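An overview of the molecular structure
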Amino acid sequence: MPNQQKKVIFCMAGVLSFTCALGVVTALGTPLWIKATFLCKTGALLVNASGQELDKFMGEMQYGLFHGEGVRQCGLGARPFRFSFFPDFLKLIPVSIHVNVILFSTILILLTMVGTAFFMYNAFGKPFETLHGPLGLYLLSFISGNICPNTLFVPSIAGSCGCLVMILFASEVKIHHLSEKIANYKEGTYAYKTQSEKYTTSFWVIFICFFVHFLNGLLIRLAGFRFPFAKSKDTETTNVAVDLMY
């Protein structure tokens, strides 16, 4: 592939990585990770509500990694509320999981920015094969986006940061019933039950970032570079011939 086309491909990969980093930075601070609805069971049972009457007892909330807001309804009108995970919910949430989500999100941002620098360096500079060249780009893309062109990477790297962020956050929400705990926070009289949960903008930004790193790996291959540790058929044939001679 001509050098000019390689520069274009590396520029495209660099722009995608930089856009991805900005997206994750924005997602990290916004309360748009999940939106949930919850039912006031106590009020609904007291009046034996059913059908459309349940709408008067349905509340909703949306939150992210640091703060959120919502509305409680228990038949007596809407009661807006705001909350912050730190320090309000330190005893309510699985702190280790929540902190790890934030930690891996931060690492994802840093690795994505480093990957952007490597791509731009390969596009406009003279790359070093050992660090800044294709091998370095594959390594950075794999760490932050989990592209695995060769199984030799699997023992050293357990998974991608982007994938870990999604898995840990999903487990915190679903397994530890995070939305229900938030809805019932400091509610001694009424009991709330989660009805629905859906991931929103910020969560899908992380997913897109994961996909972008996989796409960057394909762009590197498109530029004409081989996957790390991949041997050509000619090399393998030569090695077999040498082995047979001895």
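Everything numeric here is computed off the predicted structure, so don't read it as measured data.

Reading guide: rules and limits
- Throughout, a residue's number is its position along its own chain's written sequence, starting from 1.
- Predicted model: local features are reported for residues with pLDDT of at least 70 only, side-chain atom pairs are reported and counted for 80 or more only, and whole-chain, interface and lining totals are derived from all residues.
- Side-chain figures throughout are based on the complete set of non-hydrogen atoms in the structure, without hydrogens or water.
- Numbering of helices and strands runs from the N terminus; a helix is a DSSP stretch of H or I covering at least four residues, while a strand is a stretch of E covering at least two.
- Contacts between residues were defined by any pair of non-hydrogen atoms, one from each residue, lying within 4.5 Å.
- For every accessible area listed, the method is Shrake-Rupley and the probe measures 1.4 Å; residues are considered covered only by the protein chains on display.
- Relative accessible area decides the class of each residue, using a 1.4 Å probe on protein chains only: under 20% of the type maximum gives buried, over 50% gives exposed, and in between gives partly exposed.
- Counting of polar contacts relies on pairs of N or O atoms within 3.5 Å, with two restrictions inside protein: one atom must be capable of donating a hydrogen and the other of accepting it, and residues adjacent in sequence are counted only when both atoms are side-chain atoms.
- Residues belong to a common nonpolar core when they are buried Ala, Val, Leu, Ile, Met, Phe, Trp, Tyr or Cys residues joined through side-chain atoms within 4.5 Å.
- In a helix, the anticipated span is given by 1.5 Å times the number of residues less one.
- The disulfide definition used here is simple: a pair of cysteine sulfur atoms within 2.5 Å.
- In short, DSSP must find at least two bridges between two strands for them to pair.
- Every axis corresponds to a line fitted to the C-alpha atoms, with the helix fit spanning only the stretch in contact, and the corresponding angles, defined between N-to-C directions, vary from 0 to 180 degrees.

Attention shifts here to the overall build of the protein chain. In terms of regular secondary structure, the protein chain is built from eight helices and five strands. N-terminal to C-terminal, the α/β element order of the protein chain is α-β-α-β-β-β-α-α-α-α-β-α-α. Contacts in the protein chain between residues far apart in sequence, at least 24 positions, make up 67% of those at least 6 positions apart. With the model as given, the accessible surface of the protein chain reaches about 13,600 Å², and the carbon-plus-sulfur share is 65%.

Let us look at the side chain of Glu187. Among the structural elements, Glu187 can be located in the loop between α6 (178-183) and β5 (192-199). On the basis of relative accessible area, Glu187 is assigned to the buried category, the value being 15%. Within the structure, Glu187 has its side chain in polar contact with the side chain of Arg79 (distance 3.2 Å).

One finds Met61, Tyr63, Phe83, Phe85, Phe169 and Ile182 to be the most contacted residues of the largest nonpolar core, which totals 41 residues. Those elements that provide at least two residues to this core are α1 (3-29), β1 (34-40), β2 (58-63), β4 (78-84), α3 (95-124), α5 (161-174), α6 and α7 (201-222). Not counting residues within four places of it along the chain, the set of residues in contact with Phe83 comprises Met61, Gln62, Tyr63, His67, Gly68, Glu69, Asp88, Phe89 and Ile182. Phe10, Ala13, Phe119 and Ala123 belong to the second largest nonpolar core, which has five residues in total.

Looking now at α5. With 14 residues, α5 should reach 20 Å at 1.5 Å per residue; the first-to-last C-alpha distance of 20 Å fits that figure. Among the residues of α5, Cys161, Gly162, Val165, Met166, Leu168, Phe169, Ala170, Ser171, Glu172 and Val173 are the ones counted as buried.

Tracing the chain through its elements places Thr116 in helix α3. Residue classification places Thr116 among the buried positions, given a relative accessible area of 8%. A distance of 3.2 Å separates a polar side-chain atom of Thr116 from the backbone nitrogen of Phe18. The contact partners of Thr116, leaving out residues within four places of it in the chain, are Gly14, Ser17 and Phe18.

In the structure shown here, the tally under the stated rule is two disulfides. Sulfur-sulfur distance for the disulfide between Cys20 and Cys209 comes to 2.0 Å. Pair noted here: Cys20 is in helix α1 and Cys209 is in helix α7, with a separation of 189 residues, a long-range link. For Cys20, a relative accessible area of 8% gives the class buried. Take Cys209: its relative accessible area is 1%, and that puts it in the buried class.

Its place among the elements puts Gln5 in helix α1. Remark: the alpha-carbon pair of Gln5 and Ala123, spanning 118 residues in sequence, is separated by 9.7 Å.

With respect to the helices, strands and loops of the structure, Ser196 is situated in strand β5. Ser196 gets classed as partly exposed once you look at its relative accessible area, which sits at 35%. A sequence separation of 136 residues divides Ser196 from Glu60, and the C-alpha atoms of the two residues are 9.3 Å apart. With residues near it in sequence (within four places) discarded, Ser196 still touches Lys35, Ala36 and Thr37. A polar contact is formed between the side chain of Ser196 and the side chain of Thr37, at a distance of 2.5 Å.

Turning next to the sheet that holds β5. Note on sheets: strands pair through backbone hydrogen bonds, and any given pair is parallel or antiparallel. Pairing in this open sheet of five strands is antiparallel, and the strands run β4-β3-β2-β1-β5 from one edge to the other. Sheet topology places β4 and β5 at the edges, where each strand pairs with a single neighbour. With strand direction ignored, the average angle separating the axes of adjacent strands in the sheet is 15°. Of the pairings in the sheet, the one linking β1 to β5 comprises seven bridges and is antiparallel in character. Opposite Phe38, over in β5, you have Thr194 as the bridge partner. Packing against the sheet, α5 makes contact with β1, β2 and β5, and its axis sits at approximately 160° to β5.

This next bit is on the pairing of β1. Of all seven residues in β1, five are buried; the element is thus mostly enclosed. Here six bridges tie β1 to β2, and the two strands are oriented antiparallel to one another. Bridging from a neighbouring strand, Leu39 pairs with Met58 of β2.

Any functional reading would require information beyond the geometric quantities listed.
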